[in-house]
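# Summary of the model geometry
One letter stands for each residue in the lines below.
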Amino acid sequence: MKKFFETKKALAERLEYLRLLKGALVATGKGAKVGTVVTAEKSRIREEIKYISSEKTWNFGFEGGGWNSITAKTKEVAVKRASKKYDSKRSKVDPKSFRVATEADTRALLSLFH
């Protein structure tokens, strides 16, 4: 399952942990048998760092109906960006509705237009 983070602080803490773990693996992974495991784990850590550091598309709804999407690394930032861009006298972003967009979720939302 792909990870996402609610806040910038939680994201920063996970990135720091992964970087420390990767450094420890480099320091201990010198033996032949251990080296294979370490190489695989370092690769997994690199992929996780790449994913969690990237901007994700977040689907969300409005109070009173409708939906849209926005990109951000964390839910916290997505809510702030969407509120700044879309909140007005007529529309209000529903902060509880934010979720990382999946292909199925976006497809279901788009089907509402037909």
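Further up the page is the structure itself.
This one's a predicted model, so the numbers in the text were calculated from it and none came from an experiment. (Residues numbered from 1 in each chain as written. Predicted model: local features only at pLDDT ≥ 70, side-chain atom pairs only at ≥ 80, totals over all residues. Heavy atoms only, no water.)

In this fold, Thr57 is placed in strand β1 (residues 56-61). For Thr57, a relative accessible area of 35% puts it in the partly exposed group. Separated by 18 residues in the primary sequence, Thr57 and Lys75 place their C-alpha atoms 10.0 Å from one another. Thr57 has contacts with Ser69, Ile70, Thr71, Arg99, Val100 and Ala101, leaving out every residue within four places of it along the chain. (Helix = DSSP H or I, 4+ residues; strand = E, 2+ residues; numbered from the N terminus. Buried < 20%, exposed > 50% of the residue type's maximum accessible area, 1.4 Å probe, protein only. Contact = heavy atoms within 4.5 Å.)

Summed over the entire model, instances satisfying the criterion amount to 9 salt bridges. Among the salt bridges present, the one from Glu41 reaches Arg44, with a minimum N-O distance of 2.7 Å. Of this pair, Glu41 and Arg44 both sit in helix α2 (residues 32-53), 3 residues apart, which is roughly one turn of that helix. Glu41 gets classed as partly exposed once you look at its relative accessible area, which sits at 25%. Here Arg44 falls in the partly exposed class, since its relative accessible area comes to 38%. Close ionic contact of Asp87 with Lys92 constitutes a salt bridge, the shortest N to O distance being 3.6 Å. (Salt bridge = Lys/Arg side-chain N within 4 Å of Asp/Glu carboxyl O.)

Let's shift gears to the packing of aromatic side chains. Inspection of every chain in the model, using the stated rule, returns 6 aromatic pairs. On the numbers, 5.9 Å between centres and 45 degrees between planes, the contact of Phe60 with Tyr86 is tilted. On the criterion of sequence distance, the pair formed by Phe60 in strand β1 and Tyr86 in helix α3 (residues 75-86) is long-range, its members being 26 residues apart. With 6.0 Å between their ring centres and 45 degrees between their planes, Trp67 and Phe113 make a pair best called tilted. With Trp67 in strand β2 (residues 67-72) and Phe113 in the segment after α4 (103-110), this residue pair connects regions lying 46 residues apart in the sequence. Classification of Trp67 by relative accessible area gives partly exposed; the value is 21%. According to the relative accessible area criterion, Phe113 is exposed, its value standing at 63%. (Phe/Tyr/Trp six-rings, centres within 6.5 Å; stacked < 30°, edge-to-face > 60°.)

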